[in-house]
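# Structural overview for review
Now for the letters of each chain:
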Amino acid sequence: MRVLICGGGVIGATIAYFLARRGIAVTVIESTGVACAASGKAGGFLARDWCDGSALAPLARRSFALHARLTEEVPGDWGYRRLDTYGGFTDFRRRAAGRNGPCNLAWLSDGVVVSQALGTPETTAQVHPASFTAAMMHAAIAHGAELRRGRVTGIVRRESPARVAGIAIGGETVEGDAVIVAMGPWSLLAAAWLPLPAVFGLKGHSLVFDTGAQVPGEAVFLETREANGTVLAPELFPRSDGTTYVCAISSESPLPLDPARVAADPGAFERLEKLCANLSPVLAAARIVARQACYRPVTSDGLPLIGRVPGVAGAYIASGHSVWGILNAPATGEAMAELIADGKTRHVDLSPFDPARLPRLDPARLHAAAGG
Ligand SMILES: Cc1cc2nc3c(=O)[nH]c(=O)nc-3n(C[C@H](O)[C@H](O)[C@H](O)COP(=O)(O)OP(=O)(O)OC[C@H]3O[C@@H](n4cnc5c(N)ncnc54)[C@H](O)[C@@H]3O)c2cc1C
């Protein structure tokens, strides 16, 4: 049996690892570069229980445990660490008071009020998402998986009964017995090839600062307001490699069909730099080592699509993980490997994520769904 995985983001790479570990032949087809999109530009924040109360809870809890286990099983360093997490808001009238709230985080401006603890090392952690994705891909390759560069342009099918026979890369066919669509927001394109619901892309911007040892390993979630009244929710993640990642400023700008052509919205980096300079004198003085934009994949009901594509044997999808794709990649990879190898999952019930729960996107509406 050969499984073809379309997309080398965190979801594709992690599924490849769990399949290859079981001795199944896997080929990952990636158009642009492993972790070139959201999987390389995300925050990499992980939480054990922040999805509690939603259908995601079992996937998130299993994933949080697997993230810890993977650091023991897989060679490499992707900056995994447990951390404290705080929440707060800005009130720049407090500057004169000279403190930033009940939990005083000295690296933040006096106008930042850190008002609550949101997580402890028991419940929150982080990874460097690009390094994590690369490590999963290397580990898959070490277990025999192949990585191919190529843009998937279609699914090759046999009819009556309908089942997949491979994928098309332009005029070339790559044969396989199972195909998994894991193209993040570009999974939308697969709705032209298979009966699938829409996956949309929501854009986010981020900066990475070289902060050295000046910032302790504590994650911070804030709410603030720009001078024109726009409310923003910046997330600040100091990393073990001496950088600090900050993301904010989302938009619904249309997804470019080529992942290599993702670019920032005009003015977004300038707004984010100004915001960061207000939040922390350390950030104001630090060199910026990356300015990034990327799209997270979302579905119409907010839950990912993980499982069999209805009506076409051998076709699967794992996409639409929204803000928790880095967290939920390990349990998704494990569950997809179980589904394909054993016919059913053992650790997480995938029925809330069944692609058949949502209406199929009419391929004639694909262009409009992609944002024109
Ligand atoms: C600003 C921001 C911060 C985030 N922070 C966090 C966080 O702290 N914690 C967390 O858990 N999640 C976070 N996320 C969410 C997370 O980044 C995503 O859910 C996750 O990266 C999605 O992974 P993916 O593999 O599905 O998609 P992607 O990373 O988009 O990967 C899809 C891959 O498919 C490839 N591809 C596309 N079309 C084709 C084709 N035709 N043929 C072959 N390959 C193709 C692309 O090149 C790409 O490499 C964040 C997202 C954003 C935007």
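What counts, and at which threshold
Sequence order as written defines residue numbering, which begins from 1 separately in each chain. Under the rules for a predicted model, residues below a pLDDT of 70 receive no local features and side-chain atom pairs below 80 are neither given nor counted, while totals for whole chains, interfaces and linings still include all residues. Here the side-chain values reflect all heavy atoms present in the structure, with hydrogen atoms and water set aside. Strand pairing is assigned whenever DSSP identifies at least 2 bridges connecting the two strands. Only runs of H or I of at least four residues qualify as helices and only runs of E of at least two qualify as strands under DSSP, and these elements are numbered from the N terminus. In this description, a line fitted to the C-alpha atoms serves as the axis of each element, helices being fitted only across the stretch in contact, and the angle between N-to-C directions of two axes falls anywhere from 0 to 180 degrees. In this text, near means that some heavy atom of the residue lies within 4 Å of the molecule or strand in question. Surface accessibility in these figures is a Shrake-Rupley result with a 1.4 Å probe; residues are shielded only by whichever protein chains are displayed. Residue polarity follows a fixed list, in which Ala, Val, Leu, Ile, Met, Phe, Trp, Tyr, Cys and Pro are nonpolar, Asp, Glu, Lys and Arg are charged, and the others, Gly among them, are polar. Here, nonpolar core refers to any group of buried Ala, Val, Leu, Ile, Met, Phe, Trp, Tyr and Cys residues whose side-chain atoms link them within 4.5 Å. A 1.4 Å probe rolled over the protein chains alone gives each residue an accessible area, and that area as a share of the maximum for its type sets the label: buried under 20%, exposed over 50%, partly exposed in between. The source of the domain bounds is an automatic or database domain assignment. Residues are treated as being in contact if the distance between any of their heavy atoms lies within 4.5 Å. Two parts lose some accessible area (1.4 Å probe) when they are put together, and adding that loss for both gives the buried area. One speaks of a salt bridge when a side-chain nitrogen belonging to Lys or Arg is within 4 Å of a carboxyl oxygen belonging to Asp or Glu. Note on aromatic contacts: the rings of Phe and Tyr and the six-membered ring of Trp form a pair at centre separations within 6.5 Å, being stacked when their planes are under 30 degrees apart, edge-to-face when over 60 apart, and tilted otherwise. Polar contacts, as used here, are pairs of N or O atoms within 3.5 Å; protein pairs need one atom able to donate a hydrogen and one able to accept it. Residues neighboring in sequence count only if both atoms are side-chain atoms.

## A few points about the sheet that holds strand β11 (residues 172-175)
Reading across the sheet, the 3 strands line up as β9-β10-β11 and stay open at both edges, with antiparallel pairing between neighbours. Whereas interior strands pair on both sides, the edge strands pair on one side only; in this sheet they are β9 (154-158) and β11. Strand-to-strand twist in this sheet, taken as the mean axis angle between neighbours without regard to direction, amounts to 35 degrees. When strand β10 (residues 163-169) meets β11, the two strands line up antiparallel, connected through 4 bridges. Among the inter-strand pairings, I169 is bridged to a residue of β11, identified as E172.

## Looking at the site of the ligand
Neighbouring residues of the ligand: 38 residues in total, closest E30, S39, S322, V323 and L327. If the ligand stood free it would expose 1000 Å²; the protein chains cover 97% of that surface. Those elements that provide at least two residues to the shell around the ligand are α1 (10-21), β2 (25-30), α2 (38-41), β18 (287-298) and α7 (325-342). Residue composition of the shell around the ligand, grouped by class: 21 nonpolar, 14 polar and 3 charged.

## A few points about the nonpolar core
For soluble globular proteins, the rule of thumb is that nonpolar side chains tend to be buried together. Counting residues in each nonpolar core, the largest one holds 63 residues, and the members touching the most others are I5, L19, I180 and M336. Both of domain 1 (2-77 + 127-199 + 300-369) and domain 2 (84-120 + 201-298) provide at least three residues apiece to this core. When near neighbours in sequence (up to four residues on either side) are disregarded, I5 contacts G12, I15, A16, L19, V26, T27, V28, I29, I180 and A182.

## Describing the sheet that holds strand β19 (residues 305-308)
Within the open sheet, the 6 strands sit side by side as β8-β2-β1-β12-β20-β19. Their pairing is mixed. The sheet terminates laterally at β8 (146-149) and β19, the two strands that pair on one side only. Geometrically, the sheet is characterised by an average inter-axis angle of 20 degrees between neighbouring strands, direction not taken into account. As paired elements, strand β1 (residues 2-6) and β2 share 5 bridges and run parallel to each other. In the sheet register, R2 faces β2, and the bridge partner there is A25.

## Looking at the domain arrangement of the protein chain
Where interface size is given, it is often the accessible area lost as the parts come together that is meant. Here the protein chain is partitioned into domain 1 (2-77 + 127-199 + 300-369) and domain 2 (84-120 + 201-298). Each side of the interface is counted separately: domain 1 has 26 residues, and domain 2 has 24 residues. A buried area of about 2000 Å², summed over both sides, lies between domain 1 and domain 2, and 65% of it is on carbon and sulfur atoms. Ranking the residues of domain 1 by area buried against domain 2 places K41, P185 and W186 at the top, with a combined share of 30%. The interface formed by domain 1 and domain 2 holds 1 salt bridge in total. A salt bridge links R151 to D258; its shortest N-O distance comes to 3.3 Å.

## Here's the deal with the packing of aromatic side chains
As enumerated under the stated definition, the model contains 10 aromatic pairs in all. For the ring pair F45 and W50, a centre distance of 5.1 Å and an interplane angle of 55 degrees mean the geometry is tilted. W50 gets classed as partly exposed once you look at its relative accessible area, which sits at 30%. Ring plane angle 5 degrees and centroid distance 5.3 Å describe the contact between F45 and F237, whose orientation is recorded as stacked. Here F237 lies in strand β16 (residues 235-238) and F45 lies in strand β3 (residues 45-47), a separation of 192 residues in the sequence. Both residues of the pair, F45 and F237, count as buried. Through a chain of ring-to-ring contacts, three or more aromatic side chains come together here, namely F45, W50, F221, F237, Y245 and W324.

## So, the pattern of salt bridges
As enumerated under the stated definition, the model contains 13 salt bridges in all. Between R61 and D52 there is a salt bridge, with the nearest N and O atoms lying 2.8 Å from each other. When its relative accessible area of 37% is taken as the criterion, R61 is described as partly exposed. Taking the relative accessible area as the measure of exposure, D52 reaches 38% and is therefore partly exposed. Via salt bridges that share partners, R21, R69 and E73 belong to a single interconnected network.

## A closer look at the side chain of T124
On the secondary structure map, T124 appears in strand β7 (residues 124-126). T124 sits in the buried class, given a relative accessible area of 0%. Reaching out from T124, the side chain makes a polar contact with the backbone oxygen of L83 at a distance of 2.7 Å. Residues contacting T124, with those up to four places away along its chain left out, are F45, L46, A47, W50, F64, R82, L83, D84, T85 and G119.

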